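Below, each chain spelled out in residue letters.
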Amino acid sequence: MAVDVALQFEVENLYARYASLLDDGPLRDWPDLFAEDCLYLLIPRDNYDRGLPLSIIRCESRGMLVDRVRATQETIMHEPRYLRHHITNVRVTNMDGQRLAVNAHYSVIEVLPDALPRILSVGRYIDVLQRRGDGALEFVEKRCVYDSVLVPNTIVYPV
Amino acid sequence: MAVDVALQFEVENLYARYASLLDDGPLRDWPDLFAEDCLYLLIPRDNYDRGLPLSIIRCESRGMLVDRVRATQETIMHEPRYLRHHITNVRVTNMDGQRLAVNAHYSVIEVLPDALPRILSVGRYIDVLQRRGDGALEFVEKRCVYDSVLVPNTIVYPV
Amino acid sequence: MAVDVALQFEVENLYARYASLLDDGPLRDWPDLFAEDCLYLLIPRDNYDRGLPLSIIRCESRGMLVDRVRATQETIMHEPRYLRHHITNVRVTNMDGQRLAVNAHYSVIEVLPDALPRILSVGRYIDVLQRRGDGALEFVEKRCVYDSVLVPNTIVYPV
């Protein structure tokens, strides 16, 4: 497999836009980074490693991601908060025709009003990317596999 | 806008030197990364989003940055501490003639003597870069927009 | 010194594999990233800066790294835990014939069962890389210089 520098740059740029939309908005544009027919999972590492399906969030289409975003903004009652993502160690691990397997490490730091920043979640992304008709990369599958067992308080926004 | 890989590499290298000078020194070389006529702000996100000007640190020239560095080393009484920056998701968001708009995410972890590492500040950089006569990139504007409202203890060094 | 984009990509890819092997395994493949005749140090910043040799971990060959990995899996009694590395600001600081000097910032977040994620260690890597016969990069020297004085609990796995 020959991953060239230009592809690496393109992939990292997708992750940078992903992080930017989640942390600084507009959040409603975030689902556009996904294929219409996609899978998004937020799953604990212990379940992932054992092949157990139970996830905290499971969305099986872009439409469900749109719903999720709307819920965070209109339906769910929650304390206001800011998130800050760091996505590092982005690595293309496989290329299969039009699809790329990509792994990355993430951390999400959460800031609640009148509180010091704290670590909300750390883990890795295990993703599949593909090209759209216009050539841009998008997520087909995104598994956010988080290391922790405990979740402090509530997961409101996507990881 | 066509951001090529070589430009991305150059920009990331500037941020790596920025982080290295702040965390491992020599701190007195840090202002050299800025244009003589520059703007450096450390501003809370809530103010930035509302267009309110109040900042924790505001420097309007490289000379003021030099003063700030001298103050941390000679004037301000403060407990010794180490900082560690992570700068990720570096993204050129606009190119306008000789100027680049660049966004990045940052976190700063602080280590005080006999204390465990803790998160001092997280947020994003909203920056403008330009080329010097010798071709190197430098900061013309740097806005460190931090997510938190509370600041633990004191901000001594630049973020 | 002319560091080109292709070299930077290669170096970052080595660090990404390093982080991936430590956090997600298989840990037994981790020593393969090092030269047979290598040096691995985990050393506090205060000692490193003063030229004092005392380190928390000191391994002087790949064989000692293999032993260390085996110890963590077979000999040392320790609570199970997950680590998550972020390695950023990777920068080639010198090239001397076949050898590269590389600096990077790291943070390691630790997750113990039934506990929230916490910062185990932050600091910088001060490394020397070389090429193998097959052209791949490997570590000849790796100094993990951590900023903190206190270590929460125990260092089990390499940093």
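For the structure itself, consult the block above.
In what follows, the accompanying structure is described. (Residues numbered from 1 in each chain as written. Chains lettered and ligands numbered in written order. Predicted model: local features only at pLDDT ≥ 70, side-chain atom pairs only at ≥ 80, totals over all residues. Heavy atoms only, no water.)

1. What to know about helix α1 (residues 5–24) of chain A
Residue and element names in this part refer to chain A. The test is simple: Strands here mean DSSP runs of E at least two residues long; helices mean DSSP runs of H or I at least four residues long; both are numbered from the N terminus. In a helix, the anticipated span is given by 1.5 Å times the number of residues less one. Between buried and exposed lies partly exposed: a residue is buried under 20% and exposed over 50% of the maximum accessible area for its type, with that area taken using a 1.4 Å probe on protein chains only.
In this model α1 runs 28 Å from its N-terminal to its C-terminal C-alpha over 20 residues, within 8% of the 28 Å that 1.5 Å per residue would give. Counting buried positions over the 20 residues of α1 gives 14, a clear majority of the element. Positive phi appears at Gly25, one or two residues downstream of α1, with a value of about 75 degrees.

2. Section: the sheet that holds strand β2 (residues 57–59) of chain A
All names here are of chain A. Going by this rule: Here, strands pair whenever DSSP counts at least two bridges between them. Think of each axis as a best-fit line through the C-alpha atoms, taken over the contacting stretch in the case of a helix, with angles from 0 to 180 degrees between the N-to-C directions. Between two residues, a contact is recorded if the distance between any of their heavy atoms is within 4.5 Å.
One open sheet accounts for six strands, arranged β2-β1-β6-β5-β4-β3; its pairing is mixed. Looking at strand neighbours, the two that pair on one side only are β2 and β3 (82–96), the edges of this open sheet. Taken pair by pair, the neighbouring strands of this sheet meet at an average axis angle of 20 degrees, ignoring direction. In this sheet, β2 lies alongside strand β1 (residues 34–44) in antiparallel orientation, the contact comprising three bridges. Opposite Leu42, over in β2, you have Ile57 as the bridge partner. In this fold helix α3 (residues 62–75) packs onto β1 and β2, with an angle of close to 60 degrees to the strand it touches most, β1.

3. A short note on the packing of aromatic side chains
Residues and elements named next belong to chain C. In plain terms, the rule: Classification of ring pairs rests on two measures: the distance between centres of Phe, Tyr or Trp rings, Trp counted by its six-membered ring, which must be within 6.5 Å, and the angle between planes, read as stacked under 30 degrees, edge-to-face over 60 and tilted in between.
Evaluation of the coordinates by the stated rule reveals 33 aromatic pairs over all chains. Ring geometry for Tyr15 and Tyr125: centres 6.3 Å apart, planes at 25 degrees, overall stacked. Taken together, the positions of Tyr15 in helix α1 (residues 5–24) and Tyr125 in strand β5 (residues 118–131) put the pair 110 residues apart, joining distant regions of the chain. The exposure class of Tyr15 is buried, given its relative accessible area of 1%. Owing to a relative accessible area of 0%, Tyr125 belongs among the buried residues under this scheme. Each ring, one from Tyr18 and one from Phe34, has its centre 6.4 Å from the other, and the planes form 55 degrees; the classification is tilted. Here Tyr18 is found in helix α1, whereas its partner Phe34 is found in strand β1 (residues 34–44), with 16 residues between them in sequence. No difference in accessibility class separates Tyr18 from Phe34, as the two residues are buried.

4. Re the relation of the copies chain C and chain B
Put simply, the rule is: All copies are superposed by least squares; the fitting set is the C-alpha atoms of residues with a pLDDT of at least 70 in both.
Laying chain C over chain B is done by rotating through 120 degrees and shifting 0.0 Å along the axis; what remains is an RMSD of 0.0 Å. What the superposition gives is, in effect, a three-fold axis relating one chain to the other.

5. Overview of unusual backbone geometry
Residues and elements named next belong to chain A. Residues Gly25 and Pro26 are joined by a peptide bond in cis, for which omega reads -5 degrees. Inspection of the secondary structure puts Pro26 in the loop between α1 and β1. If you check the backbone angles, Asp114 has positive phi at about 60 degrees while not being a glycine. Among the secondary structure elements, Asp114 is positioned in the loop between β4 (99–111) and β5 (118–131).

6. Section: helix α3 (residues 62–75) of chain C
All names here are of chain C. Rules: To be clear, the arc concerns the directions from the helix axis to the C-beta atoms.
Under the 1.5 Å per step criterion, the end-to-end length of α3 is 19 Å for 14 residues, consistent within 8% with the ideal 20 Å. Looking at α3, one finds that the buried residues are Leu65, Val69, Ala71 and Thr72. Buried residues of α3, viewed axially, fall in a sector of 150 degrees; they line one side. When the buried face of α3 is taken as reference, the exposed residues oriented beyond 90 degrees from it are Glu74 and Thr75. Here the buried face of α3 lies against β1 and β2 (57–59).

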